Amino acid sequence: NASAFGSPDKVPGHVLTMGLGTIMEARCCLLLGFGASKAAAIRDMIEGPVSATCPASILQFHEQAIIILDVAGASKLSRTSYFEEVYAGKPEWQRWE
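As the structure is a prediction and not an experimental result, all values here were calculated from the model.

Thresholds applied
- Residues numbered from 1 in each chain as written.
- Predicted model: local features only at pLDDT ≥ 70, side-chain atom pairs only at ≥ 80, totals over all residues.
- Heavy atoms only, no water.
- Helix = DSSP H or I, 4+ residues; strand = E, 2+ residues; numbered from the N terminus.
- Polar contact = N/O pair within 3.5 Å; in protein donor to acceptor, adjacent residues only side chain to side chain.
- Contact = heavy atoms within 4.5 Å.
- Pairing = 2+ DSSP bridges.
- Right-handed = clockwise from strand over helix to strand, strands pointing away.
- Buried < 20%, exposed > 50% of the residue type's maximum accessible area, 1.4 Å probe, protein only.
- Arc of directions from axis to C-beta.
- Core = buried A, V, L, I, M, F, W, Y, C linked by side-chain atoms within 4.5 Å.
- Phe/Tyr/Trp six-rings, centres within 6.5 Å; stacked < 30°, edge-to-face > 60°.
- Salt bridge = Lys/Arg side-chain N within 4 Å of Asp/Glu carboxyl O.

## A word on the side chain of Glu47
- Within the secondary structure, Glu47 is located in helix H3 (residues 39–47).
- Engagement of the side chain of Glu47 in a polar contact is seen with the backbone nitrogen of Arg79, the distance being 2.9 Å.
- Those residues in contact with Glu47 that sit more than four places away from it in its chain are Gln60, Lys76, Leu77, Ser78, Arg79 and Phe83.

Now the structure itself:
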């Protein structure tokens, strides 16, 4: 992952890893996706098939997954008009404004 952090000495030496089962047992999952560098992963997670090559895709089956994106992070989604329509149909108390 050195390329994601700029150099090998900037790669975190201690990280937390969670299994998919643990993630699915959570009452609520919050995923933040900001920036164009995350756009392909976000697209794969939301619109792609659920697969081991994109572990976050399991969130397609989570009962309460909240995905917050900026415009750049959402830039590779092909169904943004659909997602905007679904959001517009939500009751006021479910909206993020």
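## Brief notes about the pairing of strand E2 (residues 65–69)
- Looking at chain direction, strand E1 (residues 29–33) and E2 are connected through 5 bridges and run parallel. Bridge pairing in E2 places Leu30 opposite Ile66.
- With respect to chirality, the unit in which E1 leads through H3 into the neighbouring parallel E2 is right-handed.

## Here's the deal with H3
- Here H3 has its buried residues at Ala39, Ile42, Met45, Ile46 and Glu47. Angularly, the buried residues of H3 cover 160 degrees about the axis, an arc narrow enough to put them on a single face.
- Buried residues along H3 sit against E1, E2 and helix H4 (80–88).

## So, the nonpolar core
- Judged by nonpolar contacts, Cys29, Leu31, Ile42, Met45, Ile46, Cys54, Leu59, Ala74 and Leu77 together constitute the single largest core of 9 residues.
- Examining the composition of this core, we find that 3 residues originate from one element, H3, more than from any other.
- Leaving out residues up to four positions away in the same chain, Ile42 has contacts with Gly33, Leu69, Gly73 and Leu77.

## Brief notes about the packing of aromatic side chains
- For the structure on display, the rule yields 1 aromatic pair.
- Their ring planes at 65 degrees and their centres at 5.4 Å tell us that Tyr82 and Phe83 sit as a pair that is edge-to-face.
- Since its relative accessible area comes to 47%, Tyr82 is described here as partly exposed.

## Here's the deal with the pattern of salt bridges
- Tallying each qualifying case throughout the model produces 2 salt bridges.
- Arg43 is the partner of Asp44 in a salt bridge, and the nearest nitrogen-oxygen pair spans 3.1 Å.
- A relative accessible area of 32% places Asp44 in the partly exposed class.
- One salt bridge in this structure joins Glu47 and Arg79, with 3.7 Å as the shortest N-O distance.

Scope: geometric values only; no functional claims are made or implied.
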